[in-house]
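Next come the chains, spelled out residue by residue.
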Amino acid sequence: MRANVEFHFDFGSPNAYLAHRVVPEIEARTGVAFAYVPVLLGGVFKLTGNASPAVTLQGIRNKPEYQRLEMKRFLEEHGIADFVVNPHFPVNTLRIMRGAVVAQHAGFAPAYIDAVFHHMWAVPKKMDEPDVIRAALAESGLDAAAILTGTEDPAVKSELLENTQRSVDRGVFGSPSFFVGDELYFGKDRLRDVEAEILRQSNA
């Protein structure tokens, strides 16, 4: 019996991008595919009373420096050389997250997710401006016009909000978050635990 694994993500999280880069390694080792669940991180924060580390770490001595050290270690451990802090951070991800819902229904979610993460955190752009989004998606070989039109569909808007509410109802308070069955794990640094739980549940 293979474990059911979900990755609740928002493109606006740099740690979600870094987790996304490591997920294929875990999928290859375990033979279990991750189901990507688009959520709106701003909505998660509002529903839980949480805030971005950019806010919560202000004025705290040593912790931001330590987190940068942990980031450096993670990048080196996984051989990620193309991560760049987005100079436009924080980016309003509402439109591109709706685009992920559109892509899922149209059957090209993996290509869309790869492309948007790339344009957010490898060659960073201000991915909350329609013209920038359109150019980035076209550069990646995607039908930008159809995707942007789809983001205005009321059903797409509702689905993203419902995903977000369901995610919070299950215990999520930020991104990246993972479920292995009903077991919740938060953060890219918990990916070892995610993999161990996948193997445990798959071998049960």
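(A) Just the packing of aromatic side chains, in detail. One pass over the full model with this rule turns up 14 aromatic pairs. On the basis of an interplanar angle of 25° and a centroid distance of 6.0 Å, the ring pair of F83 and W121 is categorised as stacked. Here the residue F83 occupies a position in the loop between α4 (63-78) and α5 (94-106), and W121 occupies one in helix α6 (residues 109-121), the gap between them amounting to 38 residues. Taken individually, F83 and W121 each receive the classification buried, so the pair is uniform in this respect. Judged by relative accessible area, W121 falls into the buried class, the value being 1%. Joined through ring pairs, the aromatic side chains of F7, F9, F11, Y17, F34, Y36, F83, F89, Y112, F117, W121 and F178 make up one cluster. Its end group placed over the ring of F179, R170 keeps NZ or CZ at 3.7 Å from the ring centre. The ring centre of F74 lies 5.3 Å from the NZ or CZ of K188, which sits over that ring.

(B) Looking closely at the packing of helix α2 (residues 41-48) against helix α9 (residues 154-169). Here α2 crosses α9 at 45°, and the two axes come no closer than 9 Å. In this view, α2 runs oblique relative to α9, as classed from their interaxial angle. The handedness of the crossing between α2 and α9 is right-handed. On α9, the residues touching G43, V44, L47 and T48 of α2 are T164, Q165 and V168.

(C) Representation of the layout of surface pockets within the structure. Within this model, the largest pocket holds a volume of roughly 1400 Å³. Taken together, 44 residues line the largest pocket, and the ones lying closest to its centre are P14, N15, S52, P53 and A54. Listed by contribution, the elements that provide at least two residues to the lining of the largest pocket are α1 (14-30), α2, α3 (53-56) and α4. Considered class by class, the residues forming the lining of the largest pocket number 22 nonpolar, 15 polar and seven charged. One number sums up the size of the second largest pocket: a volume of about 230 Å³.

Reading the values: the criteria
- Residues numbered from 1 in each chain as written.
- Predicted model: local features only at pLDDT ≥ 70, side-chain atom pairs only at ≥ 80, totals over all residues.
- Heavy atoms only, no water.
- Phe/Tyr/Trp six-rings, centres within 6.5 Å; stacked < 30°, edge-to-face > 60°.
- Helix = DSSP H or I, 4+ residues; strand = E, 2+ residues; numbered from the N terminus.
- Buried < 20%, exposed > 50% of the residue type's maximum accessible area, 1.4 Å probe, protein only.
- Lys NZ or Arg CZ within 6 Å of the ring centre and 35° of its normal.
- Axes fitted to C-alpha atoms, helices over the stretch in contact; angles between N-to-C directions.
- Parallel < 35°, antiparallel > 145°, perpendicular 65-115°, else oblique.
- Left-handed = near helix turned anticlockwise from the far one by under 90°.
- Contact = heavy atoms within 4.5 Å.
- 1 Å grid on protein atoms, 1.4 Å probe; cavity = no way out; pocket = protein on both sides within 12 Å on 5 of 7 lines; lining within 4 Å.
- Points joined across faces, edges and corners; volume = space filled by probe spheres on them.
- Nonpolar A, V, L, I, M, F, W, Y, C, P; charged D, E, K, R; others polar.

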